[in-house]
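# Coordinates in review
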Amino acid sequence: MTGSLHLNQLNDHAWVIDFDQPDSKANVLNQKVLEEFDALLEKIKNLKGVRSLFIRSKKPNIWIAGADVNEIAELDTPEDAAYKAKLGQKIFNHLNSLPCFTVAVINGACLGGGLELALSCDYRLVTNSPSTKMGLPEVKLGIIPGFGGTQRLPRLIGLKESLAMIIEGRIISPKKALKIGLVDDCVEPSILESVMLEIDKKVDREDYLNNLYKKRSSFSKTLQNSRFGRALLCMFARKRVIARTRGLYRAPLTALDILQHTGYHTLQKDLDMEAQAFGKLAATAGAHHMMDLFFKTEKLKKRKRLAEPSHDTIKNMAVVGGGVMGAGIAGVSVQSQIHVRICDLNWEALAKSRGLVTNVLNKACKTRRITKEMFELFRYQTTYTTNHDGFQKMDLLIEAIVEDLGVKSKVLTDLENKISPDTILATNTSTISIDELAKNLKRPENFLGIHFFNPVIKMPLVEIIAGKDTSPAVIETAINYTRKIGKTPVVVNNCPGFLVNRILLPYLNEAVYLLEEGFEIKDIDEAMLSFGMPMGPLRLLDEVGLDVAYHAGQILEDHYGLRMAMAPSLQKLYLDLGLLGKKGGKGFYNHSSRKPVPNSAIYSYLQPSEGNQMRPGKLPSKIYLQHRLMLVMLNEAGRCLKENIVSDEDMIDIAMIMGTGFPAFRGGLMTYGRDLGNERIKSFTQQFYESIGIRYKLSDYYH
Ligand code: NAI
């Protein structure tokens, strides 16, 4: 017996290596574990009469979660990183060359380096347990598989299926893995050991490998893996990657280069190329930023509780207001076995709401997150009402009606009388102060903000907003609920706009000021797309809705004053011209065609402004636009930190990436700010302040 690995004998000629890392929920492949593994392989090689070697995990839900990201993040030079990859490859080659029949027995998550280990075995046996999943998610950390994954996977399943797994980091189910030939058998967890014994008894290694060779050489796989097939498949995939990321993320493009230019040499030569490419990527700033983000989210998951949660779990909940957000919240919650009741003003509104919930469940079905049977069950578990009967049985009630302080306050006070003293009352308001809404409540300790982002099914972030009276136990329950439904909660203190909208709305507003200064719609949006934003700010305003942006902007201006003064043209376009953005067909863009085109008709209605004439230095316009838009966000973020709205910079990074799509390769807003440097933040802000005024007042955070 060694530290993390246990070698056991199954019968006279079958052995098992069990992975069981002490003091850890997961098995990860760090240097020490890999060395232990290598030593056991050597031992097996030298034992007489070994016919089969099974590789298993003793962890209940995880087989091997991957290589140790901490060790990868420490690699500063391409040479060190390539060397590290080669060490792993050498050990997996050792496994691959054993004379006995090697079987990966996978029950639980088999990811990254774990899958690369499994690919180096002769045979893969998986269970159909819901926790069993397989994938190579390295691109999500800004790197590529470096322990042979880019080589062994296409050789086994063909290039076509490998592309989605390697360049998108797609995780697949055991059923899919069986279908595409990634695994050889899929069984119930309860019969795993008897199947292992059967494999040991029945499978003849020579026969099996001959058959495998035939399977791998099928016409379709040979074609896909040929030089021509590779060039063609990679060309289409490259186009898709560039359309999606504008080529700003290096990992998928590097993976494509490797996949295109390997596969027709010896395995060893191709592995060397993989290690070199891995080395170059792992040492880049982009990869380090993405790995840091992984650490930040892990840290967030391990945060210390403020108190014991007020509820063990949320079983029954109601959503009041079944519009875009309410239906989204309901559709996502019901998928986590929560009974949801939606309340709206009338049956017409509820019919729409039912359609929206069905859309959410349909999407989950299409992406195979739920089965068709679950789809039916969840539709049945969502019920609809126009009154508040039965609300006293609810564990949680989320209000998602119109964004109006007066209306919301009245509805919340009314609802408080219909629920039990234990029910948690929450609002999904995007801007209104929680303390303001709590003013007339009898139990403010049970009230808080649970702010989802649109579209709920897609956006991972939820802001948990604590009012001054919210009890810590209620905050903890809200955190557990949002985690249960698969979201990432970030706790923020109360202020108008909370964290994300308080930072994002000034950015959107500033884009309209830039328009007034004479910049064109396409140039402003293009500048931010090339920065890495998923959408330009004016296009985003159209998506949000000019009405919503106007009302939210008013709330922020009322509270924060001239610093957040709304661009006059935004008011004009909404109030005078009645433009609503995408939902009305027109805004900054014309949405009548499939690809929205800038709405040039608005230029004549814009309120001219002079800021641009004071443009400092000779900054190219794209860079100037990026600085103007980023600095309003950075300064507001600095104020949020100074006012303790959020605990630290990492939380802002996570919130902006998960709530607004801020480019992950930049590591988040505050990491971008650190890369820009305090001196530059100060000097640019000062120059903008001199020409533009109060909107660019430097936050004390950077003094
Ligand atoms: P929506 O207009 O799509 O839906 C509001 C629903 O509330 C409508 O179906 C309406 O009939 C219903 N309603 C109004 N008064 C009601 C009452 N007294 N009882 C029951 N139902 C009532 O609005 P949306 O976009 O879903 O927004 C709802 C809330 O979520 C707002 O506070 C908004 O600020 C917030 N929010 C909106 C986001 C967005 O992007 N749309 C993002 C995050 C938060």
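Details of the structure are given in the entry above.
Residues numbered from 1 in each chain as written. Predicted model: local features only at pLDDT ≥ 70, side-chain atom pairs only at ≥ 80, totals over all residues. Heavy atoms only, no water.

### Looking at the pattern of salt bridges
Tallied over the entire structure, the rule returns 39 salt bridges. We note a salt bridge from D257 to R238, for which the minimum N-O separation is 3.1 Å. Of this pair, D257 sits in helix α12 (residues 250–261) while R238 sits in helix α11 (residues 227–245), and the two are 19 residues apart along the sequence. On the accessibility criterion, R238 (22% relative accessible area) is partly exposed. A network of salt bridges, in which partner residues are shared, links R502, R563, E636, R639 and E643. (Salt bridge = Lys/Arg side-chain N within 4 Å of Asp/Glu carboxyl O. Helix = DSSP H or I, 4+ residues; strand = E, 2+ residues; numbered from the N terminus. Buried < 20%, exposed > 50% of the residue type's maximum accessible area, 1.4 Å probe, protein only.)

### What about the environment of E403?
Inspection of the secondary structure assignment puts E403 in the loop between β16 (396–399) and α18 (405–416). Spatially, the C-alpha atoms of E403 and I432 are 7.8 Å apart, while their sequence positions differ by 29 residues. Here E403 is in contact with K408, T429, S430, T431 and I432, once residues within four sequence places are set aside. At a separation of 2.9 Å, a polar atom in the side chain of E403 contacts the side chain of T429. A polar side-chain atom of E403 sits 2.5 Å from a polar atom in the side chain of T431. (Contact = heavy atoms within 4.5 Å. Polar contact = N/O pair within 3.5 Å; in protein donor to acceptor, adjacent residues only side chain to side chain.)

### Section: the sheet that holds strand β10 (residues 133–135)
If you trace the four strands from one edge of the open sheet to the other, you get β5-β8-β10-β11, paired in mixed fashion. On the outer flanks of this sheet lie β5 (62–64) and β11 (171–172), each paired with one strand and no other. Bridging between strand β8 (residues 109–111) and β10 involves three bridges; their strand directions are parallel. Following the sheet pairing, A109 is matched in β10 by K133. (Pairing = 2+ DSSP bridges.)

### Here we look at the site of the ligand
The full set close to the ligand counts 19 residues, and M325, D344, E403, K408 and S430 are the nearest of them. For the ligand, the accessible surface in isolation is 830 Å², of which the surrounding protein chains cover 78%. For the shell around the ligand, the elements supplying multiple residues, two or more each, are α15 (324–334), α18 and β18 (447–452). Along the lines of polarity and charge, the residues of the shell around the ligand split into nine nonpolar, seven polar and three charged. (Near = heavy atom within 4 Å. Areas by Shrake-Rupley, 256 points an atom, 1.4 Å probe, with all protein chains shown as cover. Nonpolar A, V, L, I, M, F, W, Y, C, P; charged D, E, K, R; others polar.)

### Quick notes on the packing of aromatic side chains
Under the definition given, this model contains 13 aromatic pairs. Residues F92 and F147 carry aromatic rings whose centres are separated by 5.6 Å and whose planes lie at 90 degrees to one another, so their mutual orientation is edge-to-face. Remark: F147 occurs in the loop between β10 and α5 (149–157) and F92 occurs in helix α3 (residues 78–96); sequence separation between them is 55 residues. Across the pair, F147 and F92 agree in class, each one buried. Members of the aromatic cluster, joined through ring pairs, are F519, Y624, F684, F688 and Y696. Directly above the aromatic system of Y264 lies the positively charged group of R227, at a separation of 4.0 Å from the ring centroid. The side chain of R666 reaches across the aromatic face of F531, ending 3.9 Å from its centre. (Phe/Tyr/Trp six-rings, centres within 6.5 Å; stacked < 30°, edge-to-face > 60°. Lys NZ or Arg CZ within 6 Å of the ring centre and 35° of its normal.)

### Some points on the sheet that holds strand β19 (residues 461–466)
A sheet is described by the order of its strands in space; here eight strands give the open sequence β15-β14-β13-β16-β17-β18-β19-β20, paired in mixed fashion. Every other strand in the sheet has two partners, leaving β15 (382–385) and β20 (488–493) as the edge strands with one partner each. Adjacent strand axes in the sheet meet at a mean angle of 25 degrees, parallel and antiparallel pairs treated alike. Direction of pairing for strand β17 (residues 424–427) relative to β18: parallel, over a ladder of three bridges. Its bridge partner being in β18, T427 is matched across the sheet by G449. Across the face of the sheet, α15 comes into contact with β13 (316–320), β14 (339–343), β15, β16 and β18 while running at roughly 165 degrees to β13. (Axes fitted to C-alpha atoms, helices over the stretch in contact; angles between N-to-C directions.)

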